[in-house]
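A closer look at the structure
Below, each chain spelled out in residue letters.
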Amino acid sequence: MPPAAPAKARRRPRGARYAWLDDEGAGAVEETPAPLPALPAGGAAPRGARFGAAGPVAPATGPVEDPAEAVRAAANAVYALRRLRVQGRSGEAHALLCEALAGPPARLPALAAELHRAGLGADWSTLLWEAASLPPGRLAAVAGVLADAGRAADCEQLLRQGVARPVEELAGACAALRAEDHHREAHALLTAFVRVRPPEDAARLAGADPHGLVPQLLSAARAVSPSRERDLLHALRVAGLAGV
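So, here's what we can say about the structure. (Residues numbered from 1 in each chain as written. Predicted model: local features only at pLDDT ≥ 70, side-chain atom pairs only at ≥ 80, totals over all residues. Heavy atoms only, no water.)

Focus on the packing of helix α2 (residues 90-102) against helix α4 (residues 121-131)
Two elements in contact, α2 and α4, have axes separated by 10 Å at closest approach and are oriented at 55°. Relative to α4, α2 is oriented oblique. When the axes of α2 and α4 are compared, the crossing they make is right-handed. Facing His94, Leu97, Cys98, Ala100 and Leu101 of α2, the residues of α4 in contact are Asp123, Thr126, Leu127, Glu130 and Ala131. Grouping the constituent residues of the contact of α2 with α4 by class yields 6 nonpolar, 2 polar and 2 charged. (Axes fitted to C-alpha atoms, helices over the stretch in contact; angles between N-to-C directions. Helix = DSSP H or I, 4+ residues; strand = E, 2+ residues; numbered from the N terminus. Parallel < 35°, antiparallel > 145°, perpendicular 65-115°, else oblique. Left-handed = near helix turned anticlockwise from the far one by under 90°. Contact = heavy atoms within 4.5 Å. Nonpolar A, V, L, I, M, F, W, Y, C, P; charged D, E, K, R; others polar.)

Comments concerning helix α10 (residues 210-224)
For α10, with 15 residues, the first-to-last C-alpha span of 20 Å sits near the 21 Å given by 1.5 Å per residue. Residues Gly212, Leu213, Val214, Leu217, Leu218, Ala220 and Ala221 constitute the buried set of α10. Looking at the packing, one finds that the buried side of α10 touches α7 (167-179), α8 (183-196), α9 (199-207) and α11 (226-238). (Expected span 1.5 Å × (residues − 1). Buried < 20%, exposed > 50% of the residue type's maximum accessible area, 1.4 Å probe, protein only.)

What about unusual backbone geometry?
For Asp181, which is not glycine, the phi torsion reads 65° and is therefore positive. The exposure class of Asp181 is exposed, given its relative accessible area of 61%.

Some words on the side chain of Asp154
Inspection of the secondary structure puts Asp154 in helix α6 (residues 152-162). A relative accessible area of 11% means that Asp154 is categorised as buried. At a separation of 3.2 Å, a polar atom in the side chain of Asp154 contacts the side chain of Trp124. Leave out the neighbours within four places in its chain, and Asp154 touches Trp124, Leu128 and Leu146. (Polar contact = N/O pair within 3.5 Å; in protein donor to acceptor, adjacent residues only side chain to side chain.)

Here it is, written out as structure tokens:
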């Protein structure tokens, strides 16, 4: 009987499908990826920021991202995304966008540029919509990265979409932005908040950090309109915060 063939060694998954979550991204190369796995019968469970990201989320801070690696990872991800779109596998395409949010935030500007270059601007809008529901620190990290990369419009869109979340989370996002010296972005978040949320919600938000948030909220309300500032002042008086 001929000897049994040696077992094949298990290889670490590589290629476009895994480019965003591979900490050893320097070893990834842009190559034609293997066929992507099909969804399980009955459809995959929802994934992403709005459903709880699967697996560990990369920290908001970390080593400086290699720009060349960010561009290569973006090209790989967009290549895989286009294949999924052509094949009508929209669920997996959405999951791939969510994986990008679970990766290093510093890679997102390169992904934005590559998506727009490929005519997939709608996918970038979807990614920003998902990012609006990230945990506060992560939301702040993404907003800061976009601002630092000169993508002010994307940053403001993200912050506008994020103001629907609970006030406690928004207080955490503001604190994280200020901690990273992104004061302009913190102001943009508060301005969007007082523009669309009731003054009573703004007073509740101020209660999370009265000395820090009361003056910032009043400044934001003043930027919206005199009447919005008056309404906020009244809500702050009712909450016992007007003299802070």
